[in-house]
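What the coordinates show
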Amino acid sequence: MTRLVSALAYLCLATLSLFAPANAADTRLGRDVVPTFQSISLRLDADSTSYTGATHIELKATVATQTFRFHARGVTLDKIRFTSSKGPVQLTTTTGDKGLITATLQRKITPGAYKLDIEFHDTFNTDAVGLYRMEKDGHAYAFTQFEADYARDAFPCWDEPSIKIPYQLTISVPKDEIAIANTLPEKETVKDGWKTTVFKTTRPLPSYLLAIATGDLELVDIPGLGVPGRVVTVTGQSQLAKAAAENTAPILHALEAYFGTPYPYDKLDLIAVPEYWAGAMENAGAITFSDRILLQDPAAQNVNQMRLLVMVTAHELSHMWFGDLVTMEWWDDLWLNESFADWMGDKITHELHPEYAWNLTSLQDSQRIMFQDAQPSTRAIRQPIDSTDNLFENVGLAYNKGKAVLSMFERWIGPETFQKGVNAYLKAHAWGNATADDLWKELDHASGKNVSQLMAGFIEQPGLPLVALESGSEPGTFILTQRRFTNLGVDQPNLSWKIPITLKFEHDGKVDTQSLLLDTPEQTVNLGANVSWVYPNQDAYGYFRWTIPSEMLKSLAAAGVRSLTPRERIGLISNSGALLLAGAIHGDDYLRTLEAMGGDPEPLVLSSLLEPLQNLKVMIPADASPGFAAYVRRTLAPALDRVGMSAAPGEAEAISVVRPRLLGALADEGQDAKVQSFAKTEAKRFLEDPASIDPALAGTVLILAAHDGDRALFDAYRVHAEGAKTPAVRSQYLNGLGSFRKPELRAAALEYVLSGPLRPNEIFTVTRAMGNDEAGREETYRWMTEHYEAITGRIPAEFASFMPFFATGCSEERLQHARTFFADPKHQVSGQDVQLAEVTDQVNDCVRLREREGEAMTAYLDATSRSSSAHRPAGSPR
Ligand SMILES: [Zn+2]
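On a predicted model such as this, the values are computed, not experimentally measured, just so you know. (Residues numbered from 1 in each chain as written. Predicted model: local features only at pLDDT ≥ 70, side-chain atom pairs only at ≥ 80, totals over all residues. Heavy atoms only, no water.)

**Digging into the pattern of salt bridges**
Under the criterion given, the structure shown has 53 salt bridges. Ionic pairing is found between Asp176 and Lys175, a salt bridge with its closest N-O pair at 3.6 Å. Here Lys617 makes a salt bridge to Asp668, at a shortest N to O gap of 3.6 Å. Taken together, the residues Lys617 in helix H15 (residues 603–619) and Asp668 in the loop between helix H17 (653–667) and helix H18 (673–688) connect sequence positions 51 residues apart. Counted as one network, the salt bridges with shared partners bring together Asp342, Asp346, Asp365, Arg368, Lys403 and Glu611. (Salt bridge = Lys/Arg side-chain N within 4 Å of Asp/Glu carboxyl O. Helix = DSSP H or I, 4+ residues; strand = E, 2+ residues; numbered from the N terminus.)

**A look at the packing of H18 against helix H19 (residues 695–707)**
What describes two packed helices is the angle between their axes and the distance between those same axes. One can describe the packing of H18 onto H19 by two numbers: an axis separation of 8 Å at closest approach and a directional angle of 115°. Judged on the interaxial angle alone, H19 and H18 are roughly perpendicular. H18 and H19 meet at a crossing whose hand is left-handed. The segment H18 lies against H19, with Phe678, Ala679, Lys680, Glu682, Ala683 and Phe686 engaging Leu697, Ala698, Val701, Leu702, Leu704 and Ala705. Split into classes, the residues belonging to the contact of H18 with H19 amount to 10 nonpolar, no polar and 2 charged. (Axes fitted to C-alpha atoms, helices over the stretch in contact; angles between N-to-C directions. Parallel < 35°, antiparallel > 145°, perpendicular 65-115°, else oblique. Left-handed = near helix turned anticlockwise from the far one by under 90°. Contact = heavy atoms within 4.5 Å. Nonpolar A, V, L, I, M, F, W, Y, C, P; charged D, E, K, R; others polar.)

**A closer look at helix H6 (residues 334–352)**
In this model H6 runs 27 Å from its N-terminal to its C-terminal C-alpha over 19 residues, within 8% of the 27 Å that 1.5 Å per residue would give. Of all 19 residues in H6, 15 are buried, a share of seventy percent or more. (Expected span 1.5 Å × (residues − 1). Buried < 20%, exposed > 50% of the residue type's maximum accessible area, 1.4 Å probe, protein only.)

**As for the state of the cysteines**
As enumerated under the stated definition, the model contains 1 disulfide in all. Put simply, Cys810 and Cys846 are joined by a disulfide, and their sulfur atoms are 2.1 Å apart. Across the S-S bond linking Cys810 and Cys846, the dihedral sits near -105°, which makes this disulfide left-handed. Of this pair, Cys810 sits in the loop between helix H26 (797–800) and helix H27 (812–823) while Cys846 is found in helix H28 (residues 832–866), placing the two residues 36 residues apart along the sequence. Residue class for Cys810 comes out buried when judged on its relative accessible area of 6%. (Disulfide = S-S within 2.5 Å.)

**So, the packing of H17 against H19**
Direction vectors running N to C along H17 and H19 enclose 15°, while the axes themselves pass 9 Å from each other. When the axis of H17 is compared with that of H19, the two are roughly parallel. Crossing handedness for the pair H17 and H19: right-handed. Facing Arg659, Pro660, Leu663, Gly664 and Ala667 of H17, the residues of H19 in contact are Ala696, Leu697, Thr700 and Leu704. Here the contact of H17 with H19 is composed, by residue class, of 6 nonpolar, 2 polar and 1 charged.

**Things to note about the side chain of Asn433**
Secondary-structure assignment places Asn433 in strand E22 (residues 433–434). Within the structure, Asn433 has its side chain in polar contact with the backbone oxygen of Thr327 (distance 3.3 Å). (Polar contact = N/O pair within 3.5 Å; in protein donor to acceptor, adjacent residues only side chain to side chain.)

**Observations regarding the sheet that holds strand E5 (residues 87–89)**
On the basis of which strands lie adjacent, the open sheet formed by 8 strands has the order E5-E4-E8-E2-E1-E11-E14-E13 and mixed pairing. If you trace the sheet from one side to the other, it starts and ends with E5 and strand E13 (185–191), each paired once. Here the strands of the sheet are splayed against their neighbours by 20° on average, with no regard to which way each runs. Note: strand E2 (residues 50–61) against strand E8 (residues 112–123), 12 bridges, orientation antiparallel. Note on E8: the bridge partner recorded for Ala61 is Gly112. (Pairing = 2+ DSSP bridges.)

**Structural notes on the pairing of strand E18 (residues 268–273)**
Summarising burial for E18: 6 of the 6 residues are buried, a large majority. Here E18 shows no split at all, with Leu268, Leu270 and Ala272 on one side and Asp269, Ile271 and Val273 on the other all buried. Each parallel crossover has a hand, and the one from strand E17 (residues 229–233) via helix H3 (residues 242–259) to E18 is left-handed. Of the pairings in the sheet, the one linking E18 to strand E20 (residues 286–290) comprises 5 bridges and is parallel in character. Bridge pairing in E20 places Leu270 opposite Ile287. (Right-handed = clockwise from strand over helix to strand, strands pointing away.)

**Concerning the nonpolar core**
Ranked by internal contacts, the top residues of the largest apolar core, which has 288 residues, are Phe68 and Tyr717. Aside from chain neighbours lying at most four places away, what touches Tyr717 is Ala683, Leu687, Val701, Leu702, Ala705, Ala706, Tyr733, Gly736, Leu737 and Phe740. (Core = buried A, V, L, I, M, F, W, Y, C linked by side-chain atoms within 4.5 Å.)

**Describing the environment of Ser48**
You can see Ser48 is positioned in the loop between strand E1 (33–43) and E2. Through-space distance from the C-alpha of Ser48 to that of Ala140 is 8.9 Å; in sequence the pair is 92 residues apart. The contacts of Ser48, once residues within four sequence positions are left out, are Phe124 and Arg133.

**A word on the packing of aromatic side chains**
Where two aromatic rings form a pair, the distance of their centres and the angle of their planes describe that pair. Evaluation of the coordinates by the stated rule reveals 40 aromatic pairs. When the ring of Phe409 is compared with that of Phe458, the centres are 6.2 Å apart and the planes differ by 75°; the resulting orientation is edge-to-face. Here Phe409 is found in helix H8 (residues 395–413), whereas its partner Phe458 is found in helix H11 (residues 451–459), with 49 residues between them in sequence. Each member of the pair, Phe409 as well as Phe458, carries the same accessibility label: buried. Linked through ring pairs, Tyr258, Phe259, Tyr263, Tyr265, Trp321, Phe322, Phe340, Trp343, Phe418, Tyr425 and Trp431 together constitute an aromatic cluster. Note that Arg43 overlies the ring of Trp194, its terminal NZ or CZ placed 4.4 Å from the centroid. (Phe/Tyr/Trp six-rings, centres within 6.5 Å; stacked < 30°, edge-to-face > 60°. Lys NZ or Arg CZ within 6 Å of the ring centre and 35° of its normal.)

Here you go:
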């Protein structure tokens, strides 16, 4: 599944389970009686609130037993029949937690084959998980989202990933509607106003990868796949499917080339779903997507949307092998399932579209996650999972740390060797299940190195290392040490790692590299004479932070663009931010470093400067904000010169990608009047004629124009959101509605969130936009506490656990209030403490940093805004 930024997180996600794990034996199915085949018939009319179904399951008893268990949650079992070769055996059922049904047979059965037939009925879900109904433009549709444990909400099944069996689906819908499942139809009949589609039996699948879509769907062929392929949309949207239809075959073929085997299933549908929580979901042969990612207006091609479409498609298609063909044994390897798909998705995106410079974009994800991994609330990305309750609470960390670690090891053993190991793993476990250890074993075997042992340090323990390099006593020697990286003022147990490191250094004017494995607390290396600087993480592939002597840091910063790759410059910016939090450099030095990087010629290096500037704004005291705004304008002025406010014909794609973010930072953090006025003019033009402005800028200018917009503009946004012809434009207007800053319009936007025609997954689009400044954070937090029941009543419990994110920012008072608020049993859901711990870390870090460095930063901002000639060279730690 692709998860975009969490519904509520202003920053990233992280975790620490404070809930006692349930006893695994109580929540897991047994293996005494397991299915070998299941057919499911459903009669689905999404205009109705309920549906009926029947299922036939072939069972195998492996031991003599009188009981067995399966899943069905909220499903009414009307008739249930258990049959042995000799005839029916009476049975009774009881229902436990999480839809765990215990069936008790009248007598003990012997090992062998049995049949279970169940007739059932159920109501459709309406919160976009399980088998759910939704309406759009007067038409009703049914869709599914089964990961992690929602298949049991739709029909009786063995709902665990290691139960991989062939399924055969039969779906009846009103005769003019279309039904889609994981495989091609085998037979279609119409009778009494119902159309019944019998689908071919699937290859072995776990229940969480089954998918269904029904309704007045539109289909657009995807050419060149080698199997039948379609983009599936709701009524009236198929004209938005062109980009998806054109981009899919090249991605699929690149993956077939990497994995060395053809696409494993008999067809491929990409389904655009209007009401959807995730980014996309890798159902075998029937991938569902959030419509705003899959569907694009051909008349308003937007570079950022195209990149997202390609990246998410590559991620989901790579799951067809890694996740679907070979499935994790249990949810404790969900992190690998997802980080591998993310890593592979990045790799394929970069291979097919070098113009995206995607390797620089994905590096920013890896660098960002290290901040989260440094906090006390972090935890190991692989750990025992006994319950599916809060499976996704750790995903931000798991996806991004996982993929950073995979990249590091791919680099260490070499991409061809890595590929060999991956493919041996897929071959050995095709159509079955496997664990992370199975993959490490193949990588060990392919490389002749002990990958397993090195991986364990990064996967099975929390946090990340700090590698410190100091000059040794002998000329040309350097001492490398390692310890756990922590932010200043935070006490955490030390840990050790085995770290593959490639040092890049300059000696006698030449740049050279040296690789080593730092597997001890301290190691000495000889780099030869006259070393002027060492960059301890060549191309920023290592998952660690680093320090070097301050004199060397100056030489390194001076070497900058001449000697460092764009990846290394992005790594340098992020590492400086980490050192600031660790107390290793001071605030004014940090500001100076960022300012010096503002002249970087690579647009995506400039892009990596914007996030630190936005984070700084959160902690800058109000009275220093004019100085801060001047600093932002000064820092980004060279970038604006290079990128410009409007697109130039034939410009590099990276420039178009950075422009909206750059303008956003200049107008908001930088309070740049010229950019603000440009944004207002463009927003006005967009409202009048969407085709008249650069589509890539639309979202940004709507947000910026809203900042001091009036009621008339607010109403115009609302009308445009409700009448939007494309999902992306609707989303842009909803973001805009959350960006008004006049108090009465903030209140109106929050009122609209609960009273307006929003889908449950859109509630947080508005509030997230509002969390962009301190007044907005305070306002949305207060609103959340006042409307807690109304909000949580509309969303799946899984997402209610993210509510503490409303308390992010730099306010101890708000955090304190949140701690009291969430301590109330009325405001508690499973998994919430984990999120609260993470928010607590974020706020504490911010508050400590402001106390420690606020004065030095304010003084620097004052002095430099008075005299912009007061520059010192960058990166000069005190
Ligand atoms: Zn995924």
